[in-house]
Amino acid sequence: KTTYDLVQAVGMNYAPETCFVQLYVDGEYMGIYFLTGKIEIGENRIALKNMQKETEVLNTASLKKYEVQKTENRVWRALDRTPEDVTGGWILEYDERDYDPDKARFVGNHDLSMVLRSMPYASEKQVNYIADYWQEFEDALYAEDGYNEKGKHYTDYIDAESFAEQWILQELNTESSLTSSVYFCKDSDEQGDGKLHALYLWDMEHSLTRGGMAHASWIASKCEPDEFWSQFYRHKDFAKLVNEVWNTKFLPAIRASLQDKTGEQEQGLCGLSWYEAQYRQDDEL
């Protein structure tokens, strides 16, 4: 709850509204649950062009009924037709575990496994577009000077500020699950800016030293040199941006949470003592 409230306070892309709910089933108290919106394209969710619906309209059968096609690093469906614009919207999930080998995905040249959450039954053209786009970004990010062979800088492919926000949030939470349930989105070139945006954290069960993994330094500095997160750590322009985002967004939000009047708003980061008082177990239940 504190992490999601921080996401709200900082103003990350599509920050979800969240709340605790006391659940009763047939009058029997079942406990307190944390309710939040899913990471998906839709009204009041992530406002991207819905390429899934466009693709469904163009094909006669259900998309999942089409034949699965695979190469070593890419999976797609042999659809009848594909929308002309395949640049978005996309929701990608960085996940080292492949939970369904028949759903659309790709693996980059540095073994980053990306699941196409918004298009699980994408066509070859759709998969190739987003996989090639990610690979160009990845090549630039891993390059010493930040440029790929096309002469494009890694920041040409991404909304850098959103990546800085996600990077800081990972560090603040000391989240050890850096290769699972990490989300990115990309709107179409026609409807949006056409860049990759990093989204808020979803998988946080190891956060805030819950796994006994308190760190005395940046998590990224402890990653293997060839890991994805370590590449940002190497680039001085990204480090400068992280410093700016920390001072203009995160630090004010954290300082505000320590004031006496926190907790008066439904959304917003509060002090830990307020959460304890607000959500502690009620002896009468």
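Structure first, text after, so check above.
Residues numbered from 1 in each chain as written. Predicted model: local features only at pLDDT ≥ 70, side-chain atom pairs only at ≥ 80, totals over all residues. Heavy atoms only, no water.

Participant: Honestly, the packing of aromatic side chains in this entry has me stumped. Any pointers?
Facilitator: What characterises a pair of aromatic rings is the spacing of the ring centres plus the angle enclosed by the ring planes. Applying the stated criterion across every chain, the model contains 23 aromatic pairs. Judged by centre distance (6.3 Å) and plane angle (85 degrees), the rings of Phe184 and Phe228 are edge-to-face. Taken together, the positions of Phe184 in strand β8 (residues 182–186) and Phe228 in helix α6 (residues 228–234) put the pair 44 residues apart, joining distant regions of the chain. The class of Phe228 is buried, set by a relative accessible area of 2%. Through a chain of ring-to-ring contacts, three or more aromatic side chains come together here, namely Tyr94, Trp134, Phe137, Tyr154, Phe163, Trp167, Phe184, Phe228, Trp229, Phe232, Tyr233 and Phe238. Directly above the ring of Tyr157 sits Lys152, whose terminal nitrogen or CZ lies 4.5 Å from the centroid. Lys186 extends its terminal NZ or CZ atom over the ring of Tyr133, reaching a point 5.0 Å from the ring centre. (Phe/Tyr/Trp six-rings, centres within 6.5 Å; stacked < 30°, edge-to-face > 60°. Helix = DSSP H or I, 4+ residues; strand = E, 2+ residues; numbered from the N terminus. Buried < 20%, exposed > 50% of the residue type's maximum accessible area, 1.4 Å probe, protein only. Lys NZ or Arg CZ within 6 Å of the ring centre and 35° of its normal.)

Participant: Any chance you could explain unusual backbone geometry here in plain terms?
Facilitator: Trans is the prevailing form of peptide bonds, just as negative phi is the prevailing case for residues other than glycine. The linkage connecting Gly88 with the following residue, Gly89, adopts the cis geometry, with an omega of 0 degrees. The residue Gly89 is located in the loop between β4 (74–77) and β5 (90–94) in this model. Of note in this structure, Tyr14 is not a glycine but carries a positive phi near 55 degrees. A positive phi angle, close to 65 degrees, is found at Asn44, a residue other than glycine.

Taken by themselves, the reported measurements are silent on function.
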